[in-house]
Amino acid sequence: MNKQEFINTVNKFDSYTAAEKRIATYFMDHYTMLPFAKIDELCKQIGVGKATLGRFLQRLGFSGFIQFKKEVSDDLAQTLTTPIERYEYHTHEPSQDTTEGLLANHYQETIDNVDKTFDGLSERDFESALRLMRHAKGKLYVMGSASSEALASYFYLLARYLRKDVVLLKADISTLPHQLVDVSKEDVLLAISYHRYSSITIKLVRWFHECGGHNILVTDQPVNPFVSYCDVQFIVESTGRGFFNNRAAGFALLEAFIKGLSMQQEKDNRFKRIEGLFDEFSVFKN
């Protein structure tokens, strides 16, 4: 069942309960994420019970959530999910042949993503994440693959100014076990992953959780493969009208984390030592 078929079927209902309307609205807003959803977390996100969700799916003609997920997953395998597929789709649009208004449109897209992201963030979650990142007894691991790797590298570079034992993990399965061998329950992982989710990042977050470590997740969808393994989750908008999605809101959130990390005393000596090392190795030209 694709999204339009879902909408058409729901529109044929003679009547809806308030709960069914919430389910239908949520499904339409997050349709591509439903194959990753766990029913307990999904019901929590929507605010309905499993029995209510089950009755709604039966009205759609499904025996249950597993059958529904499978049909959605099979259909989404055919949808536009990669830059190449987007390219092939957008190539036929006349707007792709001119740069008129491009700068203003991209600016508005970025502002919209940042505004929507920060309007939805929780101060309590932000403070919880900072407490975990500041935890002096453990290491702070950072992981991002594909387009998320740039965000992870940026955070790592600045976080090294502010605390010791920050470890940037590379999505290289041949070396990752060597980097993880000393992980303990005192350690924290900041994982950054956008849809389409990296299988390596999924395995890493799950493994960190099983080891008793703490997970902080930055992602673009509330329903995702990580949600049941994370202590804190942040949803950042990444809507993009071109071939690639927009990562500006993710960068903005990471910079907020860096500002939060800077509010601790350890940074004073670290700044002096790092600047001394820059001078020693003549890293920058005056």
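Residues numbered from 1 in each chain as written. Predicted model: local features only at pLDDT ≥ 70, side-chain atom pairs only at ≥ 80, totals over all residues. Heavy atoms only, no water.

This paragraph deals with the packing of helix 2 (residues 18-29) against helix 4 (residues 50-60). Axis separation between helix 2 and helix 4 bottoms out at 10 Å; the angle between their running directions is 70°. Relative to helix 4, helix 2 is oriented roughly perpendicular. Of the residues in helix 4, those touching helix 2 at A19, E20, I23, A24 and F27 are T52, L53, F56, L57 and R59. (Axes fitted to C-alpha atoms, helices over the stretch in contact; angles between N-to-C directions. Helix = DSSP H or I, 4+ residues; strand = E, 2+ residues; numbered from the N terminus. Parallel < 35°, antiparallel > 145°, perpendicular 65-115°, else oblique. Contact = heavy atoms within 4.5 Å.)

On the surface, L277, F281, V283 and F284 cluster together into a nonpolar patch covering about 460 Å² of accessible area. Within the element layout of this structure, F281 appears in the segment after helix 13 (267-280). (Patch = residues over 30% accessible without salt bridge, like charges linked within 9 Å, V, L, I, M, F, W, Y side chains within 5 Å. Areas by Shrake-Rupley, 256 points an atom, 1.4 Å probe, with all protein chains shown as cover. Salt bridge = Lys/Arg side-chain N within 4 Å of Asp/Glu carboxyl O.)

A word on the pattern of salt bridges. When charged atoms on two side chains of opposite charge get close, those side chains can pair. Within this structure, the stated rule accounts for 3 salt bridges. The partner of R59 in a salt bridge is E20, with the nearest N and O atoms 2.9 Å apart. A residue pair is termed long-range when its members are at least 10 positions apart, and R59 in helix 4 and E20 in helix 2 qualify at 39 residues. Using a relative accessible area of 35% as the deciding quantity, one classes R59 as partly exposed. (Buried < 20%, exposed > 50% of the residue type's maximum accessible area, 1.4 Å probe, protein only.)

This paragraph deals with the sheet that holds strand 5 (residues 232-235). Taken in spatial order, the 5 strands make up an open sheet running 2-1-3-4-5, and their pairing is parallel. Here the strands that pair on one side only, and so sit at the sheet edges, are strand 2 (166-169) and strand 5. Mean inter-strand twist for the sheet, computed between neighbouring axes without regard to direction, equals 15°. Bridge analysis of strand 3 (residues 188-192) against strand 4 (residues 214-219) gives 5 bridges, and the strand direction is parallel. Across the sheet, L189 pairs through a bridge with N215, a residue of strand 4. (Pairing = 2+ DSSP bridges.)

Our next topic: helix 11 (residues 199-210). Taking 1.5 Å of rise per residue, the 12 residues of helix 11 would be expected to cover 16 Å, and the 17 Å separating its terminal C-alpha atoms lies within 8% of that figure. Among the residues making up helix 11, those that are buried are I200, T201, I202, L204, V205 and F208. Here the buried face of helix 11 lies against strand 1 (140-144), strand 2, helix 10 (176-180), strand 3 and strand 4. (Expected span 1.5 Å × (residues − 1).)

We now examine unusual backbone geometry. In this structure, A146 is a non-glycine residue whose phi angle is positive, near 55°. By the element assignment, A146 lies in the loop between strand 1 and helix 9 (148-162). For A146, a relative accessible area of 70% puts it in the exposed group. You will see that D165, though not glycine, has its phi angle at about 60°, which is positive. Here D165 falls in the partly exposed class, since its relative accessible area comes to 32%.

Residue position: L217 is located in strand 4. Here the alpha-carbon distance between L217 and I235, two residues 18 residues apart in the chain, equals 8.4 Å.

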